[in-house]
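As a plain string of letters, each chain reads:
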Amino acid sequence: MESDRVKLTLTIAIEKIDFDPGQEEMRISGPCVSENQHIKMGAYHTIDLALNKNFTVAKHEWDSVALTRLDEATNIEKNADAAAVVMNEGLAHVCLITGSMTILRARIECSVPKKKGAASLAGHDKAILKFYDQVVESILRHIRFDIVKAVIIASPGYVRDNFMQHMMEEAQRKATSVLLENKAKFLVVHSSSGHMHSLKEILASPEVSSKLADTKAAGEVKALDEFYATLRDDPSRAFYGWGHVKAANDSKSSNNSIARICER
């Protein structure tokens, strides 16, 4: 029995969305809403969306919230006003932080030998300096200091302090003005590990929260905290869906930030 692969263009009404961050793929499913000789109208189908895979998104109405989210998703560098470097010896993650998402821009890995004897100590120090230089290059490549208001450098132990010292010494030696002029934007803090998941605890710390007070990320967190506080203390003011949000707006029982969360 022979089988042929047929390339199709399908139009489906999305009913379910699953995102796989590891594969950077989104799986959407729903019924077909356009005529197709291979798939019946109304038949359910699943489509995998991935980076550099063309697709078209259609909505009955594009409101300001949806258009803002779309702009943020397609212009990360322009909209990210905070950044973070979460690192440990031989491992670093350079991230951009917007009001609604954290995007990994670079993952740097470098083999660093352990300190065992004078010979291995020299090899360790050489590898560490090479690793630090790669992280600095990534920061200069991915972070726009004319937009970013704060850059978090986080790690366990003394890695963050040693890296910061090396970066600024090299900036002085090479006259890298963008780093020297924006030194005040760097915030050196502790993290439990050099992995991405540590960002959650980093952003939740009071030290970091105060530094990011005027960024989009902090604004989203503050609005969400207000919403949950209101939901906890006065549940009768919680509204869901378009009809309920309209009722909340008409009753003037919610402020603008809480209403925006409800709309989303």
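Shown above is the structure to which this text applies.
What counts as what
Along each chain, residues carry numbers from 1 onward, in the same order as the chain's sequence is written. Given that this is a predicted model, residues contribute local features only at a pLDDT of at least 70 and side-chain atom pairs are listed and counted only at 80 or more, while totals for whole chains, interfaces and linings are drawn from all residues. Values reported for side chains reflect all heavy atoms of the structure, with hydrogen atoms and water molecules removed beforehand. Runs of E in the DSSP output that reach at least two residues are strands. Runs of H or I that reach at least four are helices, and both are numbered from the N terminus. A side-chain nitrogen of Lys or Arg and a carboxyl oxygen of Asp or Glu constitute a salt bridge if their distance falls within 4 Å. Residue exposure (1.4 Å probe, protein chains only): buried if accessible area is under 20% of the type maximum, exposed if over 50%, otherwise partly exposed. We call two residues contacting when some pair of their heavy atoms lies within 4.5 Å. Pairing of aromatic rings covers Phe, Tyr and Trp, the last counted by its six-membered ring, and requires centre-to-centre distances within 6.5 Å; plane angles under 30 degrees mean stacked, over 60 mean edge-to-face, and any other angle means tilted.

Chemist: Please provide a residue-by-residue account of unusual backbone geometry, values included.
Modeler: Even without being a glycine, Ala175 presents a positive backbone phi close to 60°. Its location among the elements puts Ala175 in the loop between α4 (159–174) and α5 (177–181).

Chemist: Help me get a handle on the pattern of salt bridges, residues and values and all.
Modeler: Under the defined criterion, the tally for this structure stands at seven salt bridges. Salt-bridge contacts for Arg107 lead to Glu109; the nearest nitrogen and oxygen are separated by 3.1 Å. Given a relative accessible area of 45%, Arg107 falls into the partly exposed group. Using a relative accessible area of 55% as the deciding quantity, one classes Glu109 as exposed. The network of salt bridges with shared partners includes Glu170, Arg173 and Lys174.

Chemist: Report on the side chain of Ser155, specifying residues and quantitative values.
Modeler: Tracing the backbone through its elements, the reader meets Ser155 in strand β7 (residues 150–155). When sequence neighbours within four positions are dropped, the list of residues in contact with Ser155 reads Met87, Arg160, Val189, His190 and Ser191.

Chemist: Requested: an account of the packing of aromatic side chains, with residues and values cited.
Modeler: Two numbers describe a pair of aromatic rings. These are the distance of the centres and the angle of the planes. Going through the model one piece at a time under the given rule, you end up with three aromatic pairs. Each ring, one from Tyr132 and one from Phe163, has its centre 5.5 Å from the other, and the planes form 70°; the classification is edge-to-face. A residue pair is termed long-range when its members are at least 10 positions apart, and Tyr132 in helix α3 (residues 117–142) and Phe163 in helix α4 qualify at 31 residues. The burial state of Tyr132 is the same as that of Phe163; both residues are buried. Summarising the aromatic geometry, the rings of Phe145 and Phe186 are spaced 5.9 Å apart at their centres and angled 45° between planes, so their arrangement reads as tilted. In this pair, Phe145 sits in the loop between α3 and β7 while Phe186 sits in strand β8 (residues 186–190), placing the two residues 41 residues apart along the sequence. Of the aromatic side chains, those joined through ring pairs into one cluster are Phe131, Tyr132 and Phe163.

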